[in-house]
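Architecture and fold: a report
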Protein chains: 2
Amino acid sequence: MLMDDLQQESRRYLASYVMFNQAVADHLKLHPTDVQCLNLLTAEPGPFTTGRIAELTGLTSGSATRLVDRLEKAGYVVRHRDSTDRRRVLVEPVPEAMRDLTELWSELSQGWRAMFADYTEDERALLYRHMQRTVELSRQQIARLRDKG
Amino acid sequence: MLMDDLQQESRRYLASYVMFNQAVADHLKLHPTDVQCLNLLTAEPGPFTTGRIAELTGLTSGSATRLVDRLEKAGYVVRHRDSTDRRRVLVEPVPEAMRDLTELWSELSQGWRAMFADYTEDERALLYRHMQRTVELSRQQIARLRDKG
DNA sequence: CTAAATATCTGCGCAACGCAGTAACTGCGT
DNA sequence: ACGCAGTTACTGCGTTGCGCAGATATTTAG
């Protein structure tokens, strides 16, 4: 297994994930950013403030406000002020409204489940650990890129 | 290994890849779509026409034309008409201009190489095959989403 | 009690996008 | 040879997401 092959395949892999996100967004008639945000809301540990959403998505604070505006208007999330620090706004997903997204995801994940089912327990454990490591590495790389300006 | 855990981690994984693409785009002062397109240009087999780029990125033909306009203006690609079918426009990457992107990628991929180097040959083969399968599965899922409207 | 820092929101201009229509070209049938 | 449908790419136009800079409310430091 040549490293260059692995790298090339990683690149296709990355591209296919971005395309996938785009396709999901088109299908739900939402913007890719919005879908990304909803994904983060279900995948990352809360609680979420507008500022944290800005950080997670890489948007500026102003754009994050607009993003939350759209999601709130569409009924996906609710805002309420943090009682301990009244500057902060907590953003909470609305489970019922997330159903569209969850259903779509779970429909699509049939394919993934089938794929994962083909692996042995050890292989699944390897893939799981690899994903964790990749997420962590991405986080570091993103931080470095932002620092370098 | 519970399937739900695997699915949750897949979701974080997907989100982190989208974030990563976003960060690369910000760093190069390009639009995420443009970076995605350049990625596809190096990762997918050619030749590329404007129409194929539209299909790969999920954009409409008009937006794909504008995308190629931007990339051409920035010097990343050149246009020239297909001599056998003069309706078609072939889009070719300019290797020197791609250096920015390639260098950045290869700098960032140091981290990936290190990560991959930790695995055994068999494990790398598994990951490689898994990526291929995922790319193929994504392709199918995207096609289904687009068909459903 | 004032000043600096923090979290969010708002006004404004820019630009990417989809849509619908246009122009150039190919290939088909007659 | 001719015209007509289908294909490929491009062009206005309106909408909307985005960054930037400044405004507002609240907390924290001195």
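Being a predicted model, the structure only gives us computed values, none of them experimental.

A look at the sheet that holds strand β3 (residues 89-93) of chain A
To summarise the sheet geometry, strands pair through backbone hydrogen bonds and adopt either a parallel or an antiparallel arrangement. All names here are of chain A. Taken in spatial order, the three strands line up as β1-β3-β2 in an open sheet, and their pairing is antiparallel. Two strands in the sheet have a free side with no partner beyond their single neighbour: β1 (48-49) and β2 (77-81). One ladder, built from two bridges, connects β1 with β3; its direction is antiparallel. Paired with Phe48 across the strands is Val91, a residue of β3. Where helix α4 (residues 61-73) meets the sheet, it contacts β2 and β3, and its direction lies at approximately 120 degrees from that of β2.

Notes on the interface of chain B and chain A
Listed per partner, the contact involves 72 residues of chain B and 72 residues of chain A. Run the count over chain B and chain A and you get four salt bridges. A salt bridge links Asp118(B) to Arg133(A); the shortest N-O distance between them is 3.1 Å. Connecting chain B to chain A are 14 residue pairs in polar contact (both at pLDDT 80 or more). For the side of chain B that touches chain A, the secondary-structure elements that each account for two or more residues are α1 (3-27), α2 (32-43), α3 (50-57), α5 (99-117) and α6 (121-148) of chain B. Counting residues per element, the side of chain B that touches chain A draws most heavily on α1(B), at 24 residues. Classifying every residue of the side of chain B that touches chain A by side-chain character gives 33 nonpolar, 21 polar and 18 charged.

A look at unusual backbone geometry
Residues and elements named next belong to chain A. Phi is positive for Lys29, close to 60 degrees, though the residue is something other than glycine. Position of Lys29 among the secondary structure elements: in the loop between α1 (3-28) and α2 (32-43). For Lys29, a relative accessible area of 67% translates into the label exposed.

Thoughts on the protein's contact with DNA strand D
Near DNA strand D, the surroundings consist of 22 residues, among which Thr33(A), Ser63(A), Arg87(A), Gly51(B) and Arg87(B) are the closest. Atoms of DNA strand D within 4 Å of the protein belong to the sugar or the phosphate in 72% of instances, the rest to bases. Taking Arg66(B), its side chain carries an N or O atom lying 3.0 Å from a base nitrogen of DNA strand D. Interatomic distance of 3.3 Å between a backbone N/O atom of Val89(B) and a phosphate oxygen of DNA strand D.

Description of the packing of α1(B) against α2(B)
Residues and elements named next belong to chain B. The N-to-C vectors of α1 and α2 enclose an angle of 105 degrees; their axes lie 8 Å apart at closest approach. By the criterion of interaxial angle, the relationship of α1 to α2 is roughly perpendicular. Contacts between α1 and α2 involve Asn21, Gln22, Val24 and Ala25 from the former and Pro32, Val35, Gln36 and Asn39 from the latter. Grouping the constituent residues of the contact of α1 with α2 by class yields four nonpolar, four polar and no charged.

A closer look at the packing of α1(A) against helix α5 (residues 99-117) of chain A
Two packed helices can be described by the angle between their axes and the distance between those axes. Residues and elements named next belong to chain A. α5 packs onto α1 with a crossing angle of 140 degrees between their chain directions and a minimal axis gap of 11 Å. With respect to α5, the axis of α1 lies oblique. When the axes of α1 and α5 are compared, the crossing they make is right-handed. For the pair α1 and α5, contact is made by Tyr17, Phe20, Val24, His27 and Leu28 and by Asp100, Leu101, Leu104, Trp105, Leu108 and Trp112, respectively. When its residues are assigned to classes, the contact of α1 with α5 shows nine nonpolar, one polar and one charged.

Structural notes on the protein's contact with DNA strand C
Surrounding DNA strand C, one finds 22 residues, the nearest of these being Gly51(A), Arg87(A), Thr33(B), Ser63(B) and Arg87(B). Taking all atoms of DNA strand C within 4 Å of the protein, the share assigned to sugar and phosphate is 75%. Within the backbone of Thr50(A), one N or O atom sits 3.3 Å away from a phosphate oxygen of DNA strand C. Here a base oxygen of DNA strand C sits 3.0 Å away from a polar atom, N or O, in the side chain of Arg87(A). Looking at the surface near DNA strand C, the elements with two or more residues in it are α3 (50-57) and α4 of chain A together with α4 (61-73) of chain B. If one sorts the elements of the surface near DNA strand C by residue count, α4(A) sits on top with four residues. In the surface near DNA strand C, the residues fall into two nonpolar, 11 polar and nine charged.

Reading the values: rules and limits
- Residues numbered from 1 in each chain as written.
- Chains lettered and ligands numbered in written order.
- Predicted model: local features only at pLDDT ≥ 70, side-chain atom pairs only at ≥ 80, totals over all residues.
- Heavy atoms only, no water.
- Pairing = 2+ DSSP bridges.
- Helix = DSSP H or I, 4+ residues; strand = E, 2+ residues; numbered from the N terminus.
- Contact = heavy atoms within 4.5 Å.
- Axes fitted to C-alpha atoms, helices over the stretch in contact; angles between N-to-C directions.
- Salt bridge = Lys/Arg side-chain N within 4 Å of Asp/Glu carboxyl O.
- Polar contact = N/O pair within 3.5 Å; in protein donor to acceptor, adjacent residues only side chain to side chain.
- Nonpolar A, V, L, I, M, F, W, Y, C, P; charged D, E, K, R; others polar.
- Buried < 20%, exposed > 50% of the residue type's maximum accessible area, 1.4 Å probe, protein only.
- Near = heavy atom within 4 Å.
- Parallel < 35°, antiparallel > 145°, perpendicular 65-115°, else oblique.
- Left-handed = near helix turned anticlockwise from the far one by under 90°.

Geometric descriptors of this kind do not, in isolation, establish any biological role.
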